[in-house]
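# Reading the structure
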Amino acid sequence: MSGHPRERTAGRLGQPNLVPRAGLAERVGYHSPQIDVDVRLNSNESPVPAPSGWSRSYAKALRTADLHRYPDRRATELRQRLATHHGVRPEQVFVANGSNEVLLTLLLAYGGPGRRAALFEPTYAMHSRIAALAGTEVIDGGCNRDFTIDFDALPTADITFLCSPNNPTGTLHPVELARAALGASALVVVDEAYAEFADAADEGSALTLVDDDTPLVVTRTFSKTWALAGVRLGYLIGPVWLVQTLWQTVLPYHLSTPAQVAGVLALDYADAMHERVATIAAERARVVAALEALPITTWPSAANFILIRPQTVTGEAVWRSLVSHSVLVRNCASWPKLDGCLRVTIGTPDENNRFLDALRASL
Ligand SMILES: *Cc1c(COP(=O)(O)O)cnc(C)c1O
């Protein structure tokens, strides 16, 4: 490590010819800033942990788990429990380290060079990021001013991503949109990370479309409604033949025994999950009502967050002011079509009050 500092920078630690493969360098990473604040409303996590009964049984199970052995490669028990939870067959369920890894596995199997993925911005940034990582061309089908998507102008693609409720807008798309997308795309992926937060979550879900004759999958996650973001566990429900292909694609033993056990035990607490979700939905209604009294534009949300746009001050200024009050929300100002917008996660009643007070002081 000698020489002029400028040379060192140019020489990239002595490996001047080693650059990432084409398509990676120009893509910025996906980073939600993690600033140390009192009130964290920026990542749509559960504001409260999973039930203490879950923590106790998880700790107990880990003490006796055979961690000197590889995990069950097909996560048999977890898939059986998920199948029961959703009223499907275990062969229709694929599990991985967060729904992000589910999506990556899908794109490795069905995307890649020469194939096109369609999505509708603004949406979850990881869809385009993961598609591009796998070498897939990404096209934006766009959306209406109110963030709905037109059924009759869907782009043709190999893979179409829908997100319902959509992150970051909160928009709940009708199941008919997924059905229409099947006419334009070889595969339709419906990301339902927030499904349980929507009213009439069961009828509104694209799970009603899943069968072996339909090239459509639904992804879900333990990160939001199940309050287990730290575990990294997500899953997909889809046709049996597609799930088999995903098992051939993913690395062996990808899902650790602790993650599998965490998911199995979480499913014992489904009632607690639904109660937590109902509490958050009630808080969402309270926060929306409070925002209506302020010079703020909001959009209807079926998820555990709300997209807002201050009318009198820039979003950037409000974001900074909130941070100075030790409240962190997501600054969406640089996302497509979201000039001046912020996304705020619904927290505990206390956290939401802290947010509302800080927001009033910031306007
Ligand atoms: C948070 C979120 C996820 C969760 O991803 P994990 O890898 O399961 O944590 C997936 N999709 C959307 C749209 C999200 O907002």
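Presented here is an overview of the structure given in this document. (Residues numbered from 1 in each chain as written. Predicted model: local features only at pLDDT ≥ 70, side-chain atom pairs only at ≥ 80, totals over all residues. Heavy atoms only, no water.)

## Examining the packing of aromatic side chains
Going by this rule: Two rings from Phe, Tyr or Trp (for Trp, the six-membered ring) form a pair when their centres sit within 6.5 Å of each other. Planes less than 30 degrees apart are called stacked, planes more than 60 degrees apart edge-to-face, and all others tilted. Working definition: helices are DSSP H or I runs of at least four residues, strands are E runs of at least two. Numbering for both runs from the N terminus. For every residue, the accessible area (1.4 Å probe, protein chains only) is compared with the maximum for its type, and the residue is labelled buried under 20%, exposed over 50%, or partly exposed between those bounds.
For the structure on display, the rule yields seven aromatic pairs. Judged by centre distance (5.0 Å) and plane angle (80°), the ring pair of Y194 and F305 falls under edge-to-face. On the criterion of sequence distance, the pair formed by Y194 in the loop between β6 (185-191) and β7 (216-221) and F305 in strand β10 (residues 305-310) is long-range, its members being 111 residues apart. Taken as a pair, Y194 and F305 share a single burial class, namely buried. On the numbers, 5.4 Å between centres and 35° between planes, the contact of F222 with W226 is tilted. The class for W226 is buried, based on a relative accessible area of 3%.

## Remarks on the side chain of T214
Threshold: Polar contacts here mean pairs of N or O atoms no more than 3.5 Å apart (in protein, one a potential hydrogen donor and the other a potential acceptor; neighbouring residues in sequence count only if both atoms are side-chain atoms). The contact criterion used is simple: two residues touch if any of their non-hydrogen atoms lie within 4.5 Å.
Tracing the sequence through the fold places T214 in the loop between β6 and β7. Taking the relative accessible area as the measure of exposure, T214 reaches 13% and is therefore buried. In this structure the side chain of T214 is engaged in a polar contact, spanning 2.9 Å, whose partner is the side chain of D211. Excluding its chain neighbours within four sequence positions, the residues that come into contact with T214 are L182, L209 and P239.

## Notes on the nonpolar core
The following threshold applies: For this analysis, a nonpolar core means a set of buried residues of the types Ala, Val, Leu, Ile, Met, Phe, Trp, Tyr and Cys, connected via side-chain atoms within 4.5 Å.
By size, the foremost hydrophobic cluster in this structure holds 98 residues, and its most contacted members are L106 and F355. Residues contacting F355, with those up to four places away along its chain left out, are L41, V287, L291, I308, L322, V327, V329 and V344. Within the second largest apolar cluster, seven residues are counted, among which are L307, C332, W335 and C341.

## Focus: the site of the ligand
For clarity, the threshold we go by: One heavy atom within 4 Å of a molecule or strand is enough for the residue carrying it to be called near that molecule or strand. The protein chains shown are the only cover counted for residues, whose accessible areas, like all others here, come from Shrake-Rupley with a 1.4 Å probe. Ten residue types, Ala, Val, Leu, Ile, Met, Phe, Trp, Tyr, Cys and Pro, are classed as nonpolar, four, Asp, Glu, Lys and Arg, as charged, and the remainder, Gly among them, as polar.
Taken together, 13 residues are adjacent to the ligand, and S99, Y194, T221, S223 and K224 come closest. S99 has a polar backbone atom sitting 2.6 Å from an oxygen atom of the ligand. N100 places a main-chain nitrogen or oxygen 3.0 Å from an oxygen atom of the ligand. Isolated, the ligand exposes 390 Å² of accessible area, and the fraction of that covered by the protein chains is 94%. Sort the elements by how many residues they give to the shell around the ligand and helix α4 (residues 98-110) lands first, with three residues. For the shell around the ligand, the residue count by class is four nonpolar, six polar and three charged.

Limitation: the analysis is restricted to geometry and does not speak to function.
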